[in-house]
Amino acid sequence: SAVISQKPSRDICQRGTSLTIQCQVDSQVTMMFWYRQQPGQSLTLIATANQGSEATYESGFVIDKFPISRPNLTFSTLTVSNMSPEDSSIYLCSATGGWKDTQYFGPGTRLTVL
Amino acid sequence: AQSVAQPEDQVNVAEGNPLTVKCTYSVSGNPYLFWYVQYPNRGLQFLLKYITGDNLVKGSYGFEAEFNKSQTSFHLKKPSALVSDSALYFCAVLSGGGGADGLTFGKGTHLIIQP
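Model, not experiment: these values are computed from the prediction.

Parameters at a glance
Residues numbered from 1 in each chain as written. Chains lettered and ligands numbered in written order. Predicted model: local features only at pLDDT ≥ 70, side-chain atom pairs only at ≥ 80, totals over all residues. Heavy atoms only, no water. Buried < 20%, exposed > 50% of the residue type's maximum accessible area, 1.4 Å probe, protein only. Helix = DSSP H or I, 4+ residues; strand = E, 2+ residues; numbered from the N terminus. Pairing = 2+ DSSP bridges. Contact = heavy atoms within 4.5 Å. Buried area = accessible area lost by both parts, 1.4 Å probe. Salt bridge = Lys/Arg side-chain N within 4 Å of Asp/Glu carboxyl O. Polar contact = N/O pair within 3.5 Å; in protein donor to acceptor, adjacent residues only side chain to side chain. Nonpolar A, V, L, I, M, F, W, Y, C, P; charged D, E, K, R; others polar. Phe/Tyr/Trp six-rings, centres within 6.5 Å; stacked < 30°, edge-to-face > 60°. Lys NZ or Arg CZ within 6 Å of the ring centre and 35° of its normal. Axes fitted to C-alpha atoms, helices over the stretch in contact; angles between N-to-C directions.

K.L.:
Is there a simple way to explain the pairing of strand S8 (residues 75-80) of chain A in this structure?
P.N.:
When a strand is regular, its side chains alternate between the sheet's two faces. Residues and elements named next belong to chain A. Most of S8 sits inside the fold, with six of its six residues counted as buried. The alternating pattern of S8 places Phe75, Thr77 and Thr79 and Ser76, Leu78 and Val80 on opposite faces, both of which are buried. Here strand S3 (residues 19-25) pairs with S8 via six bridges, running antiparallel. The residue of S8 that forms the bridge with Cys23 is Ser76. Between strand S7 (residues 68-72) and the antiparallel strand that follows it, S8, lie two residues.

K.L.:
Can you walk me through the environment of Gly108(B) in this structure?
P.N.:
All names here are of chain B. Structurally, the position occupied by Gly108 is in the loop between strand S11 (104-105) and strand S12 (109-114). As for Gly108 and Ala81, which are separated by 27 residues in sequence, their C-alpha atoms are 18 Å apart. Contacts of Gly108, omitting those with residues within four sequence positions, involve Gln6, Glu8, Asp9, Leu88, Tyr89 and Phe90.

K.L.:
Looking at this structure, how should I read the interface of chain A and chain B?
P.N.:
Taken together, the 20 residues of chain A in the interface contact 25 residues of chain B. Summing the contributions of chain A and of chain B, the shared interface buries around 1700 Å²; its carbon and sulfur component is 57%. Our count for the chain A to chain B interface comes out at zero salt bridges. Where chain A touches chain B, the interface holds five residue pairs in polar contact (both at pLDDT 80 or more). Elements supplying a minimum of two residues to the side of chain A that touches chain B: strand S4 (31-37), strand S5 (43-49) and strand S10 (104-105) of chain A. A per-class count over the side of chain A that touches chain B returns ten nonpolar, seven polar and three charged.

K.L.:
Looking at this structure, I do not really get the side chain of Thr109(A). What am I missing?
P.N.:
Its location among the elements puts Thr109(A) in strand S11 (residues 109-113). For Thr109(A), the residues in contact, after removing those within four places along its chain, are Gln6(A), Lys7(A), Pro8(A), Ser9(A), Arg10(A), Ile21(A), Ser89(A), Ile90(A) and Tyr91(A).

K.L.:
Even after reading the chapter, I still don't get the packing of aromatic side chains, so can you show me in this structure?
P.N.:
Both the distance between ring centres and the angle between the ring planes are used here to describe each pair of aromatic rings. Tallying each qualifying case throughout the model produces 15 aromatic pairs over all chains. An angle of 65 degrees between the planes, with centres 5.6 Å apart, marks the rings of Phe61(A) and Phe66(A) as edge-to-face. Residue Phe61(A) is classed as buried on the basis of its relative accessible area of 9%. A relative accessible area of 4% places Phe66(A) in the buried class. The rings of Phe33(A), Tyr35(A), Tyr104(A), Phe105(A), Phe34(B), Tyr36(B), Phe46(B), Phe90(B) and Phe105(B) are connected pair by pair, giving a single aromatic cluster. Here Lys78(B) stacks its cationic end above the ring of Phe63(B), 5.0 Å away from the centre of that ring.

K.L.:
Even after reading the chapter, I still don't get the sheet that holds strand S1 (residues 4-7) of chain A, so can you show me in this structure?
P.N.:
Within a sheet, adjacent strands bond to each other through the backbone by hydrogen bonds, running parallel or antiparallel. Residues and elements named next belong to chain A. What the four strands build is an open sheet, ordered S1-S3-S8-S7; its pairing is antiparallel. Because the sheet does not close on itself, it has two edges, and the strands there are S1 and S7. This sheet shows a mean twist of 15 degrees between the axes of neighbouring strands, independent of strand direction. In the sheet, S1 pairs with S3 via four bridges, with the strands oriented antiparallel. The residue of S3 that forms the bridge with Gln6 is Cys23.

By themselves these figures say nothing about function.
Right, here's the structure in full:
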């Protein structure tokens, strides 16, 4: 199984600023994903991070708000741009070696926007 | 589009008793089903999955789940509950349509094991 780390683990940010979250996997993986878990809610897929090309976003999420990079097979970043209090959530990255393989999750980044 | 339903927000079980956490799904194509557990202030931990084969799947920490195609269900079970099993449980589905889709999660079920 893949071991996934995220930085930062938590942050408190001011409205209108941006935060970049890093996700590092301990081995090369085929697919990486970003999810959001709003307070008391389930997980919602934000996008698939594609290596060497633009991320694939789910309905309701746009690149200008959540730009994603994936420069190689072990690393990805998610930026939450122009933040508002509604962006306060836990952001989790996941990784898998293949489409039907198990997705393993990072510990999450707890973001609070004031 | 795929969806997952977990009809119970909370399940209460006495320690030592069997437990069941319910999950039903809706997908076009073959379903690929997963259970994850989330402890407070921690990420998601994988428990088990059904891809193909035997309908009864065994996973981590003594958990198992039964895939029932006719009822479109994938209930999580454990013969004897432990207090340490208390956590938030998520059922998830990956559609069988191929591509690079992520998981669709149910809303989660809080499992509370009473000593």
